[in-house]
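Listed here are the chains, written in short residue letters.
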Amino acid sequence: MTQPHAPIPYGEHDFDHEDSNRSGNPHFADVLDVRLKRRRLLQGGIGLAVGLGLLGSAGALAAPGKPAFPGRRSPLGFTAVPVGRGDDIIVPPEYTFSVILPWGEPIAGRYPPYRDGGLNSGAEQEQQVGMHHDGMHFFPLRGDALHRSSAGLLVMNHEYIDALALHPDGPVTRNGIRDADQVRKEIAAHGVSVVELRRRGTEWVTVRGRYNRRVTGATPMTIAGPARGHAKLRTRHSPEGTATRGTLNNCAHGFTPWRTYLTCEENWAGYFVNRGERPREHSRYGVATGSGRYRWETVETRFDATPHGDDPALDFRNEPNHFGWIVEIDPFDAGSIPVKRTALGRFAHEGLVFSQPRPGERLAAYMGDDSQNEYIYKYVSRESYTPGRAPGTLLDDGTLYVARFHDDGHGEWLALDLDDPTFAAAAREAGVAFADQGDVLINTRLAADIAGGTPMDRPEWGAVDPNTGAVYFTLTNNSARSPDRVDEANPRGPNPYGHIIRFDEQAGRSDATAFTWDLFLLSGTAEDSLGPDLQPLDDDNIHASPDGLWFDHNGLLWIQTDMSGSQLGSGPFGNNQMLVANPATGELKRFLVGPNGCEVTGVVSTPDGRTLFVNIQHPGEGGGSGWPGNRLKPRSATVVVTRRDGGIVGT
Ligand code: FEO
Ligand code: CA
Ligand code: CA
Ligand code: CA
């Protein structure tokens, strides 16, 4: 999401990705001898050169032992789009686009028509596309090769709401109580949409079929994995701590090799309030103390996590502990119950990307915790992956690790597991008691503090290079990193522009506990940036705050930006945008610019690579947009991009 956001009309928490990490973990600048760093700099080491403004030497971004940059250059096959500040989509001249699935389009139930001006009811919103589109995936419907790319399920997240656009005149509160139907509508505008699409010629149309579904902030769900049934998950709704309702603030996403969708709960903490003493499960995540973001607690008691009495099964003190998870949804069964997979940890989950699944190897999933100075994680399944076999415990039984990036270009994965002697000893030494592994997972951030993860500049999306297996992560920006807390992996303090880090697992193994890393890209102005080609960014690719990240089937890396209001308004970057990088050549070119006030987030193609779906989130944030179509209320929507000659997009 954009940071900072446009003014939120109520609620004390404004989605700020605040630094709630008080662990005092050693930032590298604290623990490394300055002379050693200088010597490394002289040897062409990464990172510090940036912090000192000494960019430009070839090899500055290459980790030790890595070729700095292969000389091959094959141009990306499109004309770079210039920086733009208009209220429309701009794509290269070789391309064309159309808009589908805007917020409010009917997709399920009785298919109630969208009414401009925010006039639909809560019940109608439950049958319509949600608001604020984000991560998405295209699941081809089974069929021959021809049809795999002309029919499928588009599944997408709806991260949050803009109450001014959702309702005719913004939020209504009477005597301190929110309007009940407005709250119903707001909860329904969150979550996930599953929509069957078919291609008719060059047009994509919604099919009113059996797969279509809305998953919302109220959908019944079950809890699986080590924290299932935990004492800290007991609520009035589920005294056993096994069931819950809804998913919230679903940002990026993931998908499994067994064709399910994963939605990731990011800034969920602000939806709740706890006016009593906050346990670590609340405070380390920033659960509000005054009122919830949208004051849903005035209508739905489950959003009030203030303890009343002694019995957690009589109130909702543990309701926030039901959020912050990865949620698995079977898009091919509209009646299936989504599952919260607690083995994957609890934090501000941006997204999840698997390593390339290889039969007989464990499955690895990489995840970012998008808050200032939080961590990158890896989950490794205990069992190995077997294609075609039911996934069983692959997402319920495994080891969660946090990443530590050493300044010398090496890194290690640190287990967050009570059975791991190093972690258990570190917890003892820190004086922190965990009741069991479920407790560790509910308190993932605390566990990562104890293990000694490297605090990062807001980890957003991850992506895995299909050609090399390298894992990439966007680090969108970090205003809270002070100059004395920089390290080689987060070399700017503060970091207003963001960067992209990448790493290779040792021996290419998904279950490796060591890796090597380097910096792929430093976003920013021409004076303060370094592209993948080791040159400063220029007119064709200048940008800031990288967020969305996706590798297409050809190994091109698509980068989407989430620049904040001031970067949009006064910087040289124009509106939010999407770029394409070729990691094999170091090229980087701007492919798309979004309308005013929007974030560009979420991208996927059909298997044939000829249709690209791109999500436009919150057009008109801060005013000044009626996109698409200049209506009363701006609407998040999906943009379908194709090449005029019908070719593969990007190449
Ligand atoms: Fe919802 Fe981290 O962006
Ligand atoms: Ca956003
Ligand atoms: Ca963001
Ligand atoms: Ca994001």
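Each remark here, short or long, concerns the structure printed above.
Below: a short report on this structure. (Residues numbered from 1 in each chain as written. Chains lettered and ligands numbered in written order. Predicted model: local features only at pLDDT ≥ 70, side-chain atom pairs only at ≥ 80, totals over all residues. Heavy atoms only, no water.)

### Regarding the overall build of the chain
Note the threshold: The way it works is that DSSP assigns letters per residue, a run of H or I at least four long becomes a helix, a run of E at least two long becomes a strand, and they are numbered from the N terminus. A 1.4 Å probe rolled over the protein chains alone gives each residue an accessible area, and that area as a share of the maximum for its type sets the label: buried under 20%, exposed over 50%, partly exposed in between. Any two residues whose heavy atoms approach within 4.5 Å at even a single point are treated as in contact. Surface accessibility follows the Shrake-Rupley procedure with a 1.4 Å probe radius. Residue values consider only the protein chains on display as shielding.
When helices and strands are counted, the chain shows twelve helices and 32 strands. Going through the 651 residues of the chain one by one, you find that 63% of them count as buried. For the chain, long-range pairs separated by at least 24 residues make up 64% of all intrachain contacts whose partners lie at least 6 apart in sequence. In the structure as shown, the chain presents an accessible area of about 22300 Å², 50% of it carried by carbon and sulfur atoms.

### Regarding the pattern of salt bridges
Operational definition: Whenever a carboxyl oxygen of Asp or Glu lies within 4 Å of a side-chain nitrogen of Lys or Arg, that contact is scored as a salt bridge.
On inspection of all chains with the given rule, the structure shows 34 salt bridges. One salt bridge in this structure joins D449 and R284, with 3.0 Å as the shortest N-O distance. Linking D449 in helix α11 (residues 444-451) with R284 in the loop between α8 (280-283) and β13 (326-329), this pair joins segments that are 165 residues apart in sequence. Judged by its relative accessible area of 8%, D449 is buried. By relative accessible area, R284 is classed as buried at 10%. The partner of R502 in a salt bridge is D518, with the nearest N and O atoms 2.8 Å apart. Placement of the pair is R502 in strand β24 (residues 499-505) and D518 in strand β25 (residues 514-522), with a sequence separation of 16 residues. A single burial state applies to R502 and to D518, both of which are buried. A single salt-bridge network, built from bridges that share partners, covers R284, D369, E374, R445 and D449.

### Considerations on the sheet that holds strand β11 (residues 250-255)
As a reminder, the rule being used: Should DSSP find at least two bridges between two strands, the strands are regarded as paired. What counts as an axis is a line fitted to C-alpha atoms, over the stretch in contact for a helix, and the angles between N-to-C directions run from 0 to 180 degrees.
One open sheet holds the six strands; their spatial order is β10-β9-β14-β13-β12-β11, and the pairing between them is mixed. Single-partner strands in this sheet number two, and they are β10 (243-245) and β11. Strand-to-strand twist in this sheet, taken as the mean axis angle between neighbours without regard to direction, amounts to 35 degrees. In the sheet, strand β12 (residues 261-265) pairs with β13 via four bridges, with the strands oriented antiparallel. Across the sheet, Y261 pairs through a bridge with I329, a residue of β13.

### Some words on helix α7 (residues 180-189)
Burial of α7 is extensive: seven of the ten residues sit out of reach of the surface. Of the residues making up α7, those classed as buried are Q182, V183, K185, E186, I187, A188 and A189. In the core, the buried residues of α7 are packed alongside α4 (122-125), β3 (151-158), α6 (163-166), β5 (177-178), β6 (191-200) and β8 (213-215). After α7 finishes, the residue G191 shows a positive phi value of roughly 105 degrees.

### Here we look at the sheet that holds strand β19 (residues 398-405)
Within a beta sheet, neighbouring strands are joined by backbone hydrogen bonds and run either parallel or antiparallel to one another. Strand order in the open sheet made by the nine strands is β15-β16-β18-β19-β20-β25-β24-β23-β22, with antiparallel pairing throughout. Each edge of the open sheet carries a strand with a single partner, namely β15 (349-354) and β22 (459-464). For this sheet, the mean angle separating the axes of adjacent strands, direction not counted, is 30 degrees. For β19 and strand β20 (residues 410-415), the ladder comprises five bridges, and the chain directions are antiparallel. Its bridge partner lying in β20, R404 is registered against E412. This element, α11, spans β16 (362-369), β18 (376-384), β19 and β20 of the sheet and lies at about 50 degrees to β19.

### Describing the nonpolar core
Heads up, the rule is: Here the nonpolar core consists of buried residues drawn from Ala, Val, Leu, Ile, Met, Phe, Trp, Tyr and Cys, with membership extended through side-chain atoms lying within 4.5 Å.
Counting residues in each nonpolar core, the largest one holds 60 residues, and the members touching the most others are L352, M367, Y377, L416 and F434. No other element matches the five residues that α11 contributes to this core. The contacts of L416, once residues within four sequence positions are left out, are Y377, L400, Y401, V402, F423, Q437, V440, T444, A447, A448 and A451. Formed by 38 residues, the second largest nonpolar core is a distinct cluster that contains L101, M156, V600 and I616.

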